[in-house]
Amino acid sequence: MSWQAYVDNNLVGTGKVSKAAIIGQAGGVWAASPGYNLSPAEQKAIVNAFKNLGEAQAHGVRLAGRKFFVLNAAGDQILGKDKASSYLPRWADGCTIVKTKQAILVTEYAAPIQHPESVPIVVALADYLKSVNY
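**So, the overall build of the protein chain**
Here is step 1 of the chain: The helix and strand inventory of the protein chain stands at four helices and seven strands.
Here is step 2 of the chain: Taking 134 residues into account, the globule formula puts the C-alpha radius of gyration at 14 Å, and the protein chain, at 13 Å, falls close to it.
Here is step 3 of the chain: Accessible surface, the protein chain as shown: approximately 6,500 Å² in total, 55% of it carbon and sulfur.
Here is step 4 of the chain: Taking the average place of the 13 positive charges on the side chains of the protein chain and the average place of its 9 negative ones, the gap between the two points comes to 4 Å.

Structure, rendered in structure tokens:
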């Protein structure tokens, strides 16, 4: 299966992920949703976030120009919520970023999709990629 098929079918195609990209830990975007553009600086920051989870939690992450608060950063996962005010509906939007052996799955979900619906989809694909040494 191609990397783009993982994004299209296993992530966005589930209806539980709104936007997704797979980036390499050594750099570069392997696949992405149409119009979901992670800048080189954002890609580097995502890779570095897993080297210093505390830093990511303190400063958040930026995905395709959108800032997310990091609510939980542990092990191979970073979970965040949109930086918009908690009084605005966008607060329900969030991100799930999961590191595998060679790649990082970067995903966003938008309301009415909720965190408990989206995260297991991303983690399941990450677990599969880890099982085949990616």
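**Comments concerning the environment of F69**
Here is step 1 of the chain: With respect to the element layout, F69 can be found in strand β4 (residues 66-74).
Here is step 2 of the chain: A relative accessible area of 40% means that F69 is categorised as partly exposed.
Here is step 3 of the chain: Put simply, F69 and D82 are 13 residues apart on the chain and 6.2 Å apart in space, counted from C-alpha to C-alpha.

**Comments concerning the pairing of strand β7 (residues 103-109)**
Here is step 1 of the chain: The element β7 is largely enclosed, with a buried count of seven among its seven residues.
Here is step 2 of the chain: The two faces of β7 match: A103, L105, T107 and Y109 on one face and I104, V106 and E108 on the other face are all buried.
Here is step 3 of the chain: In this structure, strand β1 (residues 19-24) lies alongside β7, joined through six bridges in antiparallel fashion. Looking at β7, one finds that I22 is bridged to L105.

**Things to note about the pairing of strand β2 (residues 29-32)**
Here is step 1 of the chain: Where β1 meets β2, three bridges bridge the pair, whose relative direction is antiparallel. Following the sheet pairing, A21 is matched in β2 by A32.
Here is step 2 of the chain: Connecting β1 to the antiparallel partner β2 that follows it, the hairpin turn spans four residues, and G27 within it adopts a positive phi of roughly 115 degrees.

What counts as what
Residues numbered from 1 in each chain as written. Predicted model: local features only at pLDDT ≥ 70, side-chain atom pairs only at ≥ 80, totals over all residues. Heavy atoms only, no water. Helix = DSSP H or I, 4+ residues; strand = E, 2+ residues; numbered from the N terminus. Rg over C-alpha atoms; globule rule 2.2 N^0.38 Å. Areas by Shrake-Rupley, 256 points an atom, 1.4 Å probe, with all protein chains shown as cover. Lys, Arg positive; Asp, Glu negative; His and termini not counted. Charge placed at Lys NZ, Arg CZ, Asp CG, Glu CD. Buried < 20%, exposed > 50% of the residue type's maximum accessible area, 1.4 Å probe, protein only. Pairing = 2+ DSSP bridges.

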